[in-house]
Amino acid sequence: RPDSFDSVIAEKGLDWPFSGVQHILSADDLSIINLEGVFQDDRRDRADGKQHWFRGPTAFAGILPAGSIEIAGLANNHVRDYGQRGHDNTRQALENAGVGRFGYGELWTYEKDGFTIGFGGIRETTWRQKRSRPGEEIAKLREMGADYVVYTIHAGKEYETLHNQLQTDMAYAIIDAGADLVVGCHTHVLQGVERYKNGLILYSLGNFVFGGNLRLTEFEAVMAQVTLRVDGQALQETQLRLI
């Protein structure tokens with residue numbers, strides 16, 4: 001169809017999806033997204049019983065470096081739409097594109113001027129199965145040298161503008177376990193921001209670049225620009241700007 005995501009990319013190129021905010025993304029040290037789908041060139045191993053399957057060709061991984069996206073979070077409910085094979089193909093496509101990844105047990109660290117930021121993430125169903133997992137991963141990130149930990153949660157009820165109790169419980173538990181910043185995904189709409197103890201929670205940022213369906217109903221979203229002011233390995237200040 002001429003109005004589908006891949007038709008638009010074929011017409012306008014891989015650098016088009018993030019072009020409207022390229023002046024922001026290209027100026028920072030690190031841009032992170034929740035990657036809600038699979039990079040795979042065929043439909044094999046498609047999971048049964050789902051309402052939606054999100055997949056793009058492996059070439060679409062090139063959209064991310066073209067848009068100055070350095071890291072992708074994979075802890076969501078669509079990264080295994082095409083089974084373990086699809087998950088593996090997605091990871092390989094990201095690696096080939098030079099994009100880092102975290103979530104579903106994978107951890108990532110980024111270091112600049114002696115200060116290290118660690119990344120991890122979990123989805124709601126995984127947390128229900130093992131609530132100690134974020135704490136274990138955060139401890140591992142600290143062992144890997146992380147001075148600051150960003151942890152994503154994929155939870156909540158879709159299209160509900162108020163976060164629910166489970167989202168709060170997850171976010172609080174993850175900060176109690178040592179995370180500094182919790183970023184929520186999944187609801188497709190903008191939700192609240194909360195300060196909890198020494199941590200910061202962004203419950204949901206809404207959709208950003210989304211080709212999952214042709215008739216979108218929600219168009220409000222923000223980018224969260226987080227600036228860390230540090231002295232050596234000591235964090236002095238966290239600034240949040242919502243764009």
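Because the structure is a prediction, the values reported are computed rather than measured.

## Things to note about the overall build of the protein chain
Regarding its fold elements, the protein chain presents seven helices and 13 strands. For 243 residues, the compact-globule formula gives about 18 Å, and the C-alpha radius of gyration of the protein chain, at 17 Å, lands near that figure. Reported as C-alpha extents along the three principal axes, the dimensions of the protein chain are approximately 50 × 40 × 30 Å. Scored against the burial criterion, the 243 residues of the protein chain give a buried share of 43%. Counting only contacts in the protein chain whose residues sit at least 6 apart along the sequence, the fraction spanning at least 24 positions is 63%.

## With respect to the layout of surface pockets
Approximately 200 Å³ is the volume attributed to the second largest pocket. Split into classes, the residues belonging to the lining of the second largest pocket amount to three nonpolar, seven polar and three charged.

## Here's the deal with the environment of Leu-162
Considering the arrangement of structural elements, one finds Leu-162 in the loop between β8 (148-154) and α7 (165-176). Separated by 46 residues in the primary sequence, Leu-162 and Thr-116 place their C-alpha atoms 33 Å from one another.

## Description of the packing of aromatic side chains
Under the criterion given, the structure shown has five aromatic pairs. Aromatic side chains Tyr-172 and Tyr-196 sit 3.9 Å apart centroid to centroid with 5° between the ring planes, which places their arrangement in the stacked category. A residue pair is termed long-range when its members are at least 10 positions apart, and Tyr-172 in helix α7 and Tyr-196 in strand β10 (residues 193-196) qualify at 24 residues. A relative accessible area of 14% means that Tyr-196 is categorised as buried. It is Arg-46 that lies over the ring of Trp-53; its NZ or CZ is 3.8 Å from the centre. In this structure, Arg-55 is placed above the aromatic ring of Tyr-82, and the distance from its NZ or CZ to the ring centre is 5.6 Å.

## Brief notes about empty space enclosed by the protein
According to the stated counting rule, one finds one cavity of 30 Å³ or more in the structure shown. Computed from the structure, the largest cavity encloses a volume of approximately 40 Å³. Taken together, Ala-75, Tyr-104, Gly-105, Gly-121, Ile-122, Arg-123, Thr-126, Arg-133 and Glu-137 make up the lining of the largest cavity. Elements that contribute at least two residues to the lining of the largest cavity include exactly β7 (115-123) and α6 (133-143). Here the element with the most residues in the lining of the largest cavity is β7; it accounts for three residues. Residue composition of the lining of the largest cavity, grouped by class: three nonpolar, three polar and three charged.

## Here's the deal with the sheet that holds strand β9 (residues 181-185)
A sheet is described by the order of its strands in space; here six strands give the open sequence β6-β7-β8-β9-β11-β10, paired in mixed fashion. If you trace the sheet from one side to the other, it starts and ends with β6 (108-112) and β10, each paired once. Here the average twist between neighbouring strands, direction ignored, is 20°. One ladder, built from five bridges, connects β8 with β9; its direction is parallel. Considered in β9, the bridge of Tyr-151 is made with Val-182.

Conventions and cut-offs
- Residues numbered from 1 in each chain as written.
- Predicted model: local features only at pLDDT ≥ 70, side-chain atom pairs only at ≥ 80, totals over all residues.
- Heavy atoms only, no water.
- Helix = DSSP H or I, 4+ residues; strand = E, 2+ residues; numbered from the N terminus.
- Rg over C-alpha atoms; globule rule 2.2 N^0.38 Å.
- Buried < 20%, exposed > 50% of the residue type's maximum accessible area, 1.4 Å probe, protein only.
- Contact = heavy atoms within 4.5 Å.
- 1 Å grid on protein atoms, 1.4 Å probe; cavity = no way out; pocket = protein on both sides within 12 Å on 5 of 7 lines; lining within 4 Å.
- Points joined across faces, edges and corners; volume = space filled by probe spheres on them.
- Nonpolar A, V, L, I, M, F, W, Y, C, P; charged D, E, K, R; others polar.
- Phe/Tyr/Trp six-rings, centres within 6.5 Å; stacked < 30°, edge-to-face > 60°.
- Lys NZ or Arg CZ within 6 Å of the ring centre and 35° of its normal.
- Pairing = 2+ DSSP bridges.
- Axes fitted to C-alpha atoms, helices over the stretch in contact; angles between N-to-C directions.

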